[in-house]
Amino acid sequence: MEVTRKTKIETEAFELGDIIKFKLADGQKVKAMAVRQDENGTLFVTMDCLKDCHPMFKNPGAMGSMEICYFNSDLRHYLNKEVLKLFPEEIRSRMNVMPVGNNEYDLLRIPTEREIFGENPYGKEESTDVKRFKGMKKRRNRIAFRATEDNKEALEWYWLQNKVKDTAADFANVDHDGYADCNDASDSIGVRPVFLLS
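All values derive from a computational prediction rather than experimental measurement.

Caption draft 1: Here's a closer look at the nonpolar core. Core analysis: the biggest nonpolar cluster contains 31 residues, and I20, M56, F87 and F195 have the highest contact counts within it. When residues of this core are traced back to their parent elements, those giving at least two are β2 (19–23), β3 (29–38), α1 (74–83) and β15 (194–197). For this core, the leading source of residues is α1, giving four residues. Setting aside residues no more than four positions away along its own chain, F87 makes contact with F22, L24, R92, M95, L108 and F195. L43, V45, C49 and A144 belong to the second largest nonpolar core, which has 18 residues in total.

Caption draft 2: How the structure looks around the pairing of β3. Bridge count between β2 and β3: five bridges; the pairing is antiparallel. Across the sheet, residue I20 finds its bridge partner in β3, namely A32. As judged from the six bridges shared by β3 and strand β4 (residues 41–46), these two strands associate in the antiparallel manner. Looking at the pairing, A32 lines up with T46 of β4.

Caption draft 3: Seen up close, the sheet that holds strand β13 (residues 180–184). Spatially, β11-β12-β13 is the arrangement adopted by the three strands of the open sheet, whose pairing is antiparallel. Edge positions in the sheet fall to β11 (158–163) and β13, since each has one partner strand and no second. Between one strand axis and the next, the sheet turns through 45 degrees on average, direction left out of account. Judged from the five bridges that link them, strand β12 (residues 170–174) and β13 form a sheet pairing that is antiparallel. Counted as the bridge partner of A172 is C182 from β13.

Caption draft 4: Layout of the environment of I110. You can see I110 is positioned in the loop between β8 (104–106) and α3 (113–117). Take I110: its relative accessible area is 0%, and that puts it in the buried class. For I110, the residues in contact, after removing those within four places along its chain, are M56, Y70, L75, L79, W159, L160, Q161, V191, R192 and V194.

Caption draft 5: Structural context of the packing of aromatic side chains. Evaluated as defined, the whole model comprises seven aromatic pairs. Measuring from ring centre to ring centre gives 6.1 Å for F22 and F195, while their planes differ by 75 degrees; the resulting arrangement is edge-to-face. Separated by 173 residues along the polypeptide, F22 in strand β2 and F195 in strand β15 bring together distant segments of the chain. Look at F22 and you get buried, because its relative accessible area is 8%. When its relative accessible area of 0% is taken as the criterion, F195 is described as buried. When the ring of F57 is compared with that of F171, the centres are 6.1 Å apart and the planes differ by 40 degrees; the resulting orientation is tilted. Of this pair, F57 sits in the loop between β5 (54–55) and α1 while F171 is found in strand β12, placing the two residues 114 residues apart along the sequence. Considered together, F57 and F171 belong to a single accessibility category, that of buried residues. Among the aromatic residues, those joined into a ring-pair cluster are F14, F22, F44, F87 and F195.

Caption draft 6: Focus on α1. Where α1 is concerned, the buried positions are L75, R76, Y78, L79, N80 and V83. Here the buried face of α1 lies against β5, β7 (98–101), β8 and β11.

Caption draft 7: The pairing of β7, seen in detail. Relative to β8, β7 runs antiparallel, the two being bridged by three bridges. Bridging from a neighbouring strand, M98 pairs with D106 of β8. Between β7 and β8, which follow one another and run antiparallel, lie two residues, and N102 among them has a positive phi close to 50 degrees.

Caption draft 8: A look at the environment of E153. Mapped onto the elements, E153 comes out in the loop between β9 (144–146) and β10 (154–156). With relative accessibility at 55%, the residue E153 sits in the exposed group. Residues in contact with E153, not counting those within four places in the same chain, are F145 and R146.

About the cut-offs
Residues numbered from 1 in each chain as written. Predicted model: local features only at pLDDT ≥ 70, side-chain atom pairs only at ≥ 80, totals over all residues. Heavy atoms only, no water. Core = buried A, V, L, I, M, F, W, Y, C linked by side-chain atoms within 4.5 Å. Buried < 20%, exposed > 50% of the residue type's maximum accessible area, 1.4 Å probe, protein only. Helix = DSSP H or I, 4+ residues; strand = E, 2+ residues; numbered from the N terminus. Contact = heavy atoms within 4.5 Å. Pairing = 2+ DSSP bridges. Axes fitted to C-alpha atoms, helices over the stretch in contact; angles between N-to-C directions. Phe/Tyr/Trp six-rings, centres within 6.5 Å; stacked < 30°, edge-to-face > 60°.

The following block contains the structure:
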């Protein structure tokens, strides 16, 4: 793991704004920025999306009586089963769990609308205890790229955790220009993981 900082790094402690670089097992190069600190460590969000798009739910109509929310989503399970095992051991060994609802905890998640925008323009209202990530006032930090076969830096939409108010299966997202939007849960768009390091 390489840490980039404007000043020389003397310890393994992270500061807000630090950028770490590492490679996933499938060869993807990842940069992640430190966006919040708490008593459990430093929260990082990847600066760009993973190479593969993914739906929030493959088939939201098949959910039956289950609530359509991030906690029950295919995307959540994909992150913590398939994507997590691609992370290098030096990162996984420092990961701490994060709450995701129903008294459950994950090592990987996606951002919430309030963490990116500081408010909930589309999704269900979050607690005011949820604070905007450091640096997300700048639109450039909200914009994410995704490498495709045709373009190494294609602008990408990416999912947020929040289900849209009063809809059957729409979820909030960030559009390719860094603004708030929403999509149907079965659409495949970008994934920008969040993780907590001690």
